[in-house]
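Residues per chain, in single letters:
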Amino acid sequence: GQDLTSLTMKTSALARVFIVAIAGCRFPLCVCFTVHRRGGEILSLRADGPTMLTSATRRTPQHPHQLTRRQRPIFHHEYRSLESKLRAQGSPEETGSTRTGEILYLVLPLLLVYISNQWSRYSISYLVDFSSTDGALNSYQAMNVDLQFDQSQYGLLASTAFTILFALSSLLAGSLADKYDRKLLTMGSCGVWTMATLAQSQANTFNDVLVARIIMGGACAFAVPAAYTLISEKVSEDKLALANSFYGSGVYVGGALASLSLLLDNNFGWRITLETIAGFGFVSVMVAGLVLPSDSLRMINGAGSEEKSKQEGGLFSDASDILSIPRVQFIYLASFVRFCSGLLIGVWAAPYYKQAFPDSSAEYALIN
């Protein structure tokens, strides 16, 4: 009896394989996943084996446990083709550790963009000089002398004009990076702040620089969220810290180049210095366009995400939901205080050093 039962089961299994093989040319071969849900939470996921996806398969419950006595679905089936399942899981090469060369190839263009971001925003602190009030300063080297603005107006340019729109844009940048092509977002934002830098080099009045700084602040907010999400998606977990640290070094490289702008200013003037910074930004945009991977699939899914976002209240609603969490509020407040103090030092350190040691600006540029 047991032998007959075993033979029957083996014959049935072979018959199923034969039927699937014969019918595979007509119906796609799929895997049926039994998903156990409680509300919106997935408790368990089990693959029930290959099956042919036909119209009857979709309509007919395959297992009695799909429905409870009250006909409320607790278990349901999701059908995915074997090809899509394997593609989602990835091949061993795709799921293995990311090679260092691949990390450099991905992070280098993002790093160039980040350096341009930091260099552009902080350069203004090294292009002003308040060390003399008797008109002896050279307008060729000092932006404030050429455009005739004072220290309070400089404080507005270096801090408030930049940071207000930067802070507001930061609330949207993360949501946009989650939904849209991060390559285009990176290139677009870098292109905008580079154009704003170039506009500063051609400014003739204080108001010209003010408008350019406001636009720059709005654009600079979009680079970092796009970069970090792109890195976390493309780099394996065991190399993620290395990739993030490599990208994060852009803060210090960009800050160092901003300090070295003092040397450019001393030799070529503040306008050519800003044009040089803008030139670096344009090169960064081109490298990002040539090297960064495209997010075309995110653009396809973006329409659905955009419609869903509208139904749920839009991008500002996402930001308000995050900021409604008490722990996030404390982190936000602490970050605000930390960056206020850091910005205070960064904005006034270079002008103070120029004023206190007017003959040692080159040494300060190198040491800083």
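Everything that follows concerns the structure shown earlier in this document.
Below is a short write-up of the structure.

About the cut-offs
Residues numbered from 1 in each chain as written. Predicted model: local features only at pLDDT ≥ 70, side-chain atom pairs only at ≥ 80, totals over all residues. Heavy atoms only, no water. Axes fitted to C-alpha atoms, helices over the stretch in contact; angles between N-to-C directions. Helix = DSSP H or I, 4+ residues; strand = E, 2+ residues; numbered from the N terminus. Parallel < 35°, antiparallel > 145°, perpendicular 65-115°, else oblique. Left-handed = near helix turned anticlockwise from the far one by under 90°. Contact = heavy atoms within 4.5 Å. Nonpolar A, V, L, I, M, F, W, Y, C, P; charged D, E, K, R; others polar. Buried < 20%, exposed > 50% of the residue type's maximum accessible area, 1.4 Å probe, protein only. Expected span 1.5 Å × (residues − 1). Arc of directions from axis to C-beta.

## What to know about the packing of helix H8 (residues 182–201) against helix H13 (residues 270–291)
Close contact between H8 and H13 brings their axes to 8 Å; oriented N to C, the two are set at 165°. Between H8 and H13, the angle is such that the two are roughly antiparallel. Crossing handedness for the pair H8 and H13: left-handed. Mapping the contact onto sequence places Lys-183, Met-187, Cys-190, Gly-191, Thr-194, Met-195, Thr-197, Leu-198, Gln-200 and Ser-201 in H8 and Trp-270, Arg-271, Leu-274, Glu-275, Ile-277, Ala-278, Gly-281, Phe-282, Ser-284, Val-285, Ala-288 and Gly-289 in H13. Tallied by class, the residues present in the contact of H8 with H13 amount to 11 nonpolar, eight polar and three charged.

## Things to note about the environment of Ala-258
Considering the arrangement of structural elements, one finds Ala-258 in helix H12 (residues 250–268). Ala-258 gets classed as buried once you look at its relative accessible area, which sits at 0%. Sequence-wise, Ala-258 and Trp-119 are 139 residues apart; in three dimensions their C-alpha atoms are separated by 5.0 Å. Apart from the residues lying within four places of it in its own chain, the contact partners of Ala-258 are Trp-119, Tyr-122, Ser-123 and Tyr-126.

## Some remarks on H13
Under the 1.5 Å per step criterion, the end-to-end length of H13 is 32 Å for 22 residues, consistent within 8% with the ideal 32 Å. Within H13 the residues assigned to the buried category are Trp-270, Thr-273, Leu-274, Ile-277, Ala-278, Gly-281, Ser-284, Val-285 and Ala-288. For H13, the buried positions fall inside an angular range of 135° around the axis, keeping them on one side. Of the residues in H13, the exposed ones pointing more than 90 degrees away from the buried face are Met-286 and Leu-290.

## A closer look at the packing of helix H7 (residues 151–179) against helix H10 (residues 223–234)
Remark: H7 packs on H10, axes separated minimally by 8 Å, with the N-to-C direction vectors making an angle of 40°. Classed by the angle they form, the pair H7 and H10 counts as oblique. Of the two possible hands of crossing, H7 and H10 adopt the one that is right-handed. Mapping the contact onto sequence places Ala-173, Gly-174, Ala-177 and Asp-178 in H7 and Pro-225, Ala-226 and Thr-229 in H10. In the contact of H7 with H10, the residues fall into four nonpolar, two polar and one charged.

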